[in-house]
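# Per-entry structural report
Take a look at the letters that make up each chain.
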Amino acid sequence: MNAPIPRDIPLPLPASEGLLEILLIVSFVVHIIFVHLMVGGSLFSLVCQVKGLDVPDYDRLANYIMRSITVNKSLAVVMGVAPLLIINTLYAPQFYASSALMGDVWMAVIPLVTIAFLAAYAHKFWWNRFVDFKVMHIGIAFLETTIFLLVPLIFMTNVNLMLFPERWPEVKGFFSAMLLPNVLPRYLHFLSAAVLISSLFLVWLTGRRAFALEAPVNTLRILDVRRFFYSFALGAVLVQVLTGMLAWITLPAEGMSWTVTIWLFIGGVPAIPAVWLIWRDLNEQARNAFKHFNKVVGLFAISILIMAYARHEYRVNSLTDHNMAIALKTTNYRAAALQAKQDADYIERMKPAVSQSGEGDFQQYCAACHHSELPTVGPAIPEIKTIYANDPEGFVRWTRSPGKKRPESMKMPGFSHLSDNQLQAIARYVLAREE
Ligand code: HEC
């Protein structure tokens, strides 16, 4: 493995690993559902606005969607905080590395989301002003939708990159990370899930009495509106299955195992009866048109949970080797650090013996300024000997923190960093020296 192996910071986790993993899966599912609604809702609103160019009812529908997804947008972001923090905690070395490798684009998520939010709010509040100015009207929806499509791609690129440390050396920023084999299939899988989940949400939303009361649609029948959304659900499931297969095929082998594969396929199984039920609902008479809707939603809920679990398993698998390598490196490092400290302590303890003669330290610290015969920068040795002949303690005191004595010379630097033993040894050496 030629993967860079960072060293971990050995700090205890704030909770047990198992608990954090469960929290990660659950909070991620909640987050991703709102993300689906946000992305899919923006897409549907855009589609309805474009259709609204011909049939004004669709424009009113677009407005209704826009108003009802706003809350999902905020929830998507807020609910993303928990899984992001847990990922940061559980996979610190890998997530840090992948975020850093695409740092500029990763950081750009914040301004991007801000812009998209502002655009969405402006659009919602000034809908009626924009509505006759089509370029602006659809343009702003397009901008917002584009950003909402881009942000998940950035996230996906990052959480994909973090799984494959052996690719880190070759990755040059966001785009090359995005082109790693598995990202685009997974992204398409995500997009069709967004369409699927938000279309189901819209079928539900337009089936509520509140919708009928507000009656945003005049010429269209509510039944047809609901069928319009429901048929998107049908199409989206089919794309889901195809992109799911593609994502599975392109999934790098590192994290693959039979368990992951089996769970992924089990997760896909509910799609079969769901397709069948949607198909039947779509072909029913008005009275029974959405008879199986709740079952369909239930089937997909099961599917999402299983998929989220399989996804987590894959991540655990693909990082096992790397985590072991990191743990090993960290252990070795700590052992080496401990050894170095012990060596340093040993040398420190031996120091008095080493510098007992004081000569070595004198040569190292003092000789540059104190010559054996002539005054140079500082006074010569004989002069010092005369002053301190009977006062080695005074010598040490001066050397540790010199005063200012001779007007013509500079101030001597202090040597408070030398130990008492060293200074005393220097004093003994200088004062006993034969010149
Ligand atoms: C950067 C030059 C420099 C170095 C290095 C230096 N000294 Fe001095 N030393 C001086 C100067 C200059 C004076 C005179 C200072 C004054 O009179 O104010 C001086 C004065 C002294 C004196 C005489 C103090 C007195 O009472 O007149 C002693 C003793 C002395 N140094 C010891 C040392 C020892 C021991 C070391 C090494 C641990 C050392 N010096 C390193 C520049 C230096």
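Residues numbered from 1 in each chain as written. Predicted model: local features only at pLDDT ≥ 70, side-chain atom pairs only at ≥ 80, totals over all residues. Heavy atoms only, no water.

### Considering the domain arrangement of the protein chain
- Its domain assignment divides the protein chain into domain 1 (17–335) and domain 2 (359–432).
- A separation of 76 Å is found between the C-alpha centroids of domain 1 and domain 2. (Domains from an automatic or database assignment.)

### Quick notes on the site of the ligand
- Taken together, the neighbourhood of the ligand is formed by 23 residues, with Cys 366, Cys 369, His 370, Tyr 388 and Met 412 sitting nearest.
- Within the side chain of Tyr 388, a nitrogen or oxygen atom sits 2.6 Å from an oxygen atom of the ligand.
- Arg 406 places a side-chain nitrogen or oxygen 2.8 Å from an oxygen atom of the ligand.
- For the shell around the ligand, a count of residues per class yields 15 nonpolar, 5 polar and 3 charged. (Near = heavy atom within 4 Å. Polar contact = N/O pair within 3.5 Å; in protein donor to acceptor, adjacent residues only side chain to side chain. Nonpolar A, V, L, I, M, F, W, Y, C, P; charged D, E, K, R; others polar.)

### A look at the environment of Asp 59
- Among the structural elements, Asp 59 can be located in helix H2 (residues 56–90).
- As for Asp 59 and Pro 216, which are separated by 157 residues in sequence, their C-alpha atoms are 9.4 Å apart.
- Ignoring anything within four residues of it in the chain, the contact list for Asp 59 reads Cys 48, Gln 49, Gly 52, Trp 127, Val 131, Lys 134 and His 137. (Helix = DSSP H or I, 4+ residues; strand = E, 2+ residues; numbered from the N terminus. Contact = heavy atoms within 4.5 Å.)

### Here's the deal with the packing of aromatic side chains
- This model, assessed by the stated rule, comprises 20 aromatic pairs.
- Clustering of aromatic rings is evident, with ring pairs tying together Phe 44, Tyr 58, Phe 228, Phe 229 and Phe 232.
- Positioned above the aromatic ring of Phe 125, the side-chain terminus of Lys 124 is 5.2 Å from the ring centre. (Phe/Tyr/Trp six-rings, centres within 6.5 Å; stacked < 30°, edge-to-face > 60°. Lys NZ or Arg CZ within 6 Å of the ring centre and 35° of its normal.)

### Things to note about the coordination of the iron atom of the ligand
- Binding of the iron atom of the ligand to the protein goes through His 370 (NE2) and Met 412 (SD), at separations of 2.0 to 2.2 Å.
- Angles of 85 to 179 degrees at the metal separate the 6 donor atoms of the iron atom of the ligand, which places the site in the octahedral class. Pair noted here: His 370 is in the loop between helix H14 (359–366) and helix H15 (381–388) and Met 412 is in the loop between helix H16 (392–400) and helix H17 (420–432), with a separation of 42 residues, a long-range link. This pair shows no difference in class: His 370 is buried, exactly as Met 412 is. (Donors = N, O, S within 2.8 Å, 3.2 Å for Na, K, Ca; no water. Tetrahedral: all angles 85-135°; square planar, octahedral: opposite > 155°, others 65-115°. Buried < 20%, exposed > 50% of the residue type's maximum accessible area, 1.4 Å probe, protein only.)

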